[in-house]
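Here is how the chains run, residue by residue.
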Amino acid sequence: MANKLSNEQTRSIIYSVVLLVLGILLCISPAVALETLSIIIGVGFLAAAAILIIGSLVQDHSLVTGSALLGGILLVLGLMFIVDYAINLIVFCSVWLMIVFGAILIVDSIIRIAWRNRKDVVGFLVEFLVGAVSFTLGMCSRFVEDFVGYELLILGLIIVLYALYVLIFAFVGKKSKK
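Heads up: these notes are all about the structure in this document. (Residues numbered from 1 in each chain as written. Predicted model: local features only at pLDDT ≥ 70, side-chain atom pairs only at ≥ 80, totals over all residues. Heavy atoms only, no water.)

**Side note on the overall build of the protein chain**
Right, on to step 1. For the protein chain, the helix and strand inventory stands at seven helices and zero strands.
Right, on to step 2. The linear arrangement of helices and strands in the protein chain, starting from the amino end, is α-α-α-α-α-α-α.
Right, on to step 3. Computed over its C-alpha atoms, the radius of gyration of the protein chain comes to 20 Å, more than 25% above the 16 Å expected for a compact globule of 178 residues.
Right, on to step 4. Principal axes of the C-alpha set define a box for the protein chain whose edges measure 60 × 50 × 35 Å.
Right, on to step 5. Within the protein chain, the fraction of its 178 residues that count as buried is 30%.
Right, on to step 6. Sequence separation of at least 24 residues holds for 69% of the intrachain contacts in the protein chain that already meet a minimum separation of 6.
Right, on to step 7. Working note: accessible area of the protein chain is about 11,300 Å², and carbon and sulfur atoms make up 74% of it. (Helix = DSSP H or I, 4+ residues; strand = E, 2+ residues; numbered from the N terminus. Rg over C-alpha atoms; globule rule 2.2 N^0.38 Å. Buried < 20%, exposed > 50% of the residue type's maximum accessible area, 1.4 Å probe, protein only. Contact = heavy atoms within 4.5 Å. Areas by Shrake-Rupley, 256 points an atom, 1.4 Å probe, with all protein chains shown as cover.)

Structure, rendered in structure tokens:
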């Protein structure tokens with residue numbers, strides 16, 4: 001008897017596969033990953049800009065509206081990401097992203113075990129370990145000179161760990177609810 005996947009599980013699987021590919025790509029070839037990601041983000045901004053600007057033109061017959069001006073800002077961001085690879089700004093923030101992401105997961109795991117579900121020891125351990133690894137690697141990247149230059153590799157590893165976390169809990173979460 002085959003179990004059918006729920007919509008939430010399917011979304012979690014797709015989300016985790018995308019994160020897994022991004023994380024592995026960051027580990028293997030950071031330059032290619034950043035170029036690709038920058039172009040994808042830029043195209044997304046350009047598409048949103050086009051929708052807002054054309055919508056303003058069609059609806060209000062003007063390009064001087066709030067939505068058209070927002071579209072102009074998104075157009076600028078899209079061009080920055082495609083032409084100037086503005087994703088590098090995000091890379092500079094990656095160390096702090098790892099520190100904050102790790103701290104949030106650590107605190108959330110403590111909240112999970114203390115208030116939400118005291119019996120979910122596996123969930124606590126996985127979330128706490130991923131948070132601790134992320135926080136520790138982020139702190140080492142920030143304060144230990146030997147880690148400088150490895151931020152993207154470490155960020156890729158964190159993304160892979162998070163993708164595995166999402167994938168595991170897509171199935172474990174369903175079984176524990178029964």
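After that view, the rundown keeps rolling.
**Structural notes on the layout of surface pockets**
Right, on to step 1. By volume, the second largest pocket amounts to about 400 Å³.
Right, on to step 2. Lining the second largest pocket are 20 residues, with L22, L26, L37, I87 and I159 positioned closest to its centre.
Right, on to step 3. Counting only elements with at least two residues in the lining of the second largest pocket, the list comes to α1 (7–28), α2 (30–60), α4 (87–92), α5 (94–116) and α7 (151–177).
Right, on to step 4. Tallied by class, residues from the lining of the second largest pocket come to 18 nonpolar, two polar and no charged. (1 Å grid on protein atoms, 1.4 Å probe; cavity = no way out; pocket = protein on both sides within 12 Å on 5 of 7 lines; lining within 4 Å. Points joined across faces, edges and corners; volume = space filled by probe spheres on them. Nonpolar A, V, L, I, M, F, W, Y, C, P; charged D, E, K, R; others polar.)

**Some remarks on the pattern of salt bridges**
Right, on to step 1. A full pass over the atoms with the stated rule returns one salt bridge.
Right, on to step 2. A salt bridge links R112 to E127; the nearest nitrogen and oxygen atoms lie 2.9 Å apart. Placement of the pair is R112 in helix α5 and E127 in helix α6 (residues 121–143), with a sequence separation of 15 residues. E127 shares its class with R112; the two are buried. (Salt bridge = Lys/Arg side-chain N within 4 Å of Asp/Glu carboxyl O.)

**Comments concerning the packing of α1 against α2**
Right, on to step 1. It is the contact of α1 with α2, at a shortest axis distance of 5 Å, that shows an interaxial angle of 135°. Overall, the two elements α1 and α2 adopt an arrangement that is oblique. Counted together, L22, L25, L26 and I28 of α1 and P30, A33, L34 and L37 of α2 form the full contact between these two elements.
Right, on to step 2. When its residues are assigned to classes, the contact of α1 with α2 shows eight nonpolar, no polar and no charged. (Axes fitted to C-alpha atoms, helices over the stretch in contact; angles between N-to-C directions. Parallel < 35°, antiparallel > 145°, perpendicular 65-115°, else oblique.)

Keep in mind that these numbers describe shape and distance, not what the molecule does.
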